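Reading the structure
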Amino acid sequence: YDGNAYFASRTVGDRPGAPTVNNNVTSANIASLNVASPAKPTQTEHTGIILGAVSYMHTFKDEFNKPLNGGAKEWYYMVPANMGGETFGALRSQRIAGAESNPVLVQNYGIDPIVNQWLTDDDVVYLFRKNPMLMSPYFLQNEEDMFLEIFGPGSEHTAKNDQVLFVGKAVRSVGNGEYLYGLRMQLS
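1. Points about the overall build of the protein chain
When you go through the protein chain residue by residue, the secondary structure sums to four helices and eleven strands. Overall, the C-alpha framework of the protein chain stretches about 65 × 50 × 30 Å when taken along its three principal axes. Each of the 188 residues in the protein chain was classed as buried or not, and the buried ones make up 38%. Residue pairs at least 24 apart in sequence account for 70% of intrachain contacts in the protein chain once pairs closer than 6 positions are excluded.

2. Details of a nonpolar patch on the surface
On the surface, a nonpolar cluster with roughly 410 Å² of combined accessible area is contributed by Leu148, Ile150, Val164 and Phe166. Assignment of secondary structure puts isoleucine 150 in strand S9 (residues 138-151).

3. Observations regarding the sheet that holds strand S4 (residues 74-80)
Read from one edge to the other, the open sheet built from five strands follows the order S3-S11-S8-S4-S7, with strand pairing classed as mixed. What marks the edges here is a single partner per strand, and that holds for strand S3 (24-25) and strand S7 (110-116). Where S4 and S7 come together, seven bridges link them in parallel fashion. Across the sheet, residue glutamate 74 finds its bridge partner in S7, namely glycine 110. On the sheet, helix H2 (residues 84-92) packs against S4 and S7 and is oriented at approximately 175° with respect to S7.

4. Some points on the side chain of serine 155
By the element assignment, serine 155 lies in the loop between S9 and helix H4 (156-161). Take serine 155: its relative accessible area is 16%, and that puts it in the buried class. Looking at serine 155, its side chain comes within polar contact range of the main-chain oxygen of glycine 152, at 2.7 Å.

5. Side note on the packing of aromatic side chains
Summed over all chains, the structure comprises four aromatic pairs. With a centroid separation of 4.7 Å and 90° between ring planes, the pair formed by tyrosine 6 and phenylalanine 7 is classed as edge-to-face. When its relative accessible area of 19% is taken as the criterion, phenylalanine 7 is described as buried. Taking the centre distance of 5.5 Å and the plane angle of 50° together, the rings of phenylalanine 7 and tyrosine 126 count as tilted.

6. Details of the pattern of salt bridges
Considering all chains together, one arrives at four salt bridges under this definition. A salt bridge links aspartate 112 to lysine 130, with the nearest nitrogen and oxygen atoms 2.3 Å apart. Of this pair, aspartate 112 sits in strand S7 while lysine 130 sits in the loop between strand S8 (124-129) and S9, and the two are 18 residues apart along the sequence. A residue is classified by how much of its surface remains accessible, and lysine 130, at 15% relative accessible area, is buried.

7. Some points on the environment of proline 80
Inspection of the secondary structure assignment puts proline 80 in strand S4. For proline 80, a relative accessible area of 2% gives the class buried. For proline 80 and aspartate 122, which are 42 residues apart along the polypeptide, the C-alpha to C-alpha distance reads 5.8 Å. Once residues within four sequence positions are removed from consideration, proline 80 is found in contact with Val115, Asn116, Leu119, Asp121, Asp122, Val124 and Val125.

8. Here we look at the confidence of the model for the protein chain
Should the pLDDT be low somewhere, the predicted coordinates at that spot are not to be read in detail. Here the protein chain averages 87 in pLDDT, and 96% of its residues register 70 or above. When the elements of the protein chain are averaged for pLDDT, S9 gives the smallest value, 79, and strand S11 (residues 182-186) the largest, 95.

The rules we used
- Residues numbered from 1 in each chain as written.
- Predicted model: local features only at pLDDT ≥ 70, side-chain atom pairs only at ≥ 80, totals over all residues.
- Heavy atoms only, no water.
- Helix = DSSP H or I, 4+ residues; strand = E, 2+ residues; numbered from the N terminus.
- Buried < 20%, exposed > 50% of the residue type's maximum accessible area, 1.4 Å probe, protein only.
- Contact = heavy atoms within 4.5 Å.
- Patch = residues over 30% accessible without salt bridge, like charges linked within 9 Å, V, L, I, M, F, W, Y side chains within 5 Å.
- Areas by Shrake-Rupley, 256 points an atom, 1.4 Å probe, with all protein chains shown as cover.
- Salt bridge = Lys/Arg side-chain N within 4 Å of Asp/Glu carboxyl O.
- Pairing = 2+ DSSP bridges.
- Axes fitted to C-alpha atoms, helices over the stretch in contact; angles between N-to-C directions.
- Polar contact = N/O pair within 3.5 Å; in protein donor to acceptor, adjacent residues only side chain to side chain.
- Phe/Tyr/Trp six-rings, centres within 6.5 Å; stacked < 30°, edge-to-face > 60°.
- pLDDT = per-residue confidence, 0-100.

Laid out in structure tokens, this is it:
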């Protein structure tokens, strides 16, 4: 909506002294993005990435220089398919690296993993704030409104199966929402 790419560095608003926010980051911004194997971080490295990303997003401020994500405890962590197993281990295991308590679970964050087979970069991960108060990072758009088709009494389906069938369908897309609630992280 502001003419910039969704993941970019930009000034928030047009007020004098408005902060600059970068939601397209590398290890220069978050040290824990520097991992041994960018296409296959370990469970321990994923916990570092997650905690580093959450801490980084807690620094985001709106155009009035007020913190945006400071109280956020619920997140989506999206990874490509090649990182699925380690991601689930990092978010669900009580202990990692043998005996160490999982620091993500200790923080009591609600982080849901999303393994996205459509991601084309195998060394990029994302963090999105879940349920922000005002705007979401992404919005569902209605390409076609929901419609309902009923195969009831007198229909061929009811005659063959002795059932009434309700079919609902909607065609939707996803559009960019508030960039201050999303983070793209390039691993190195």
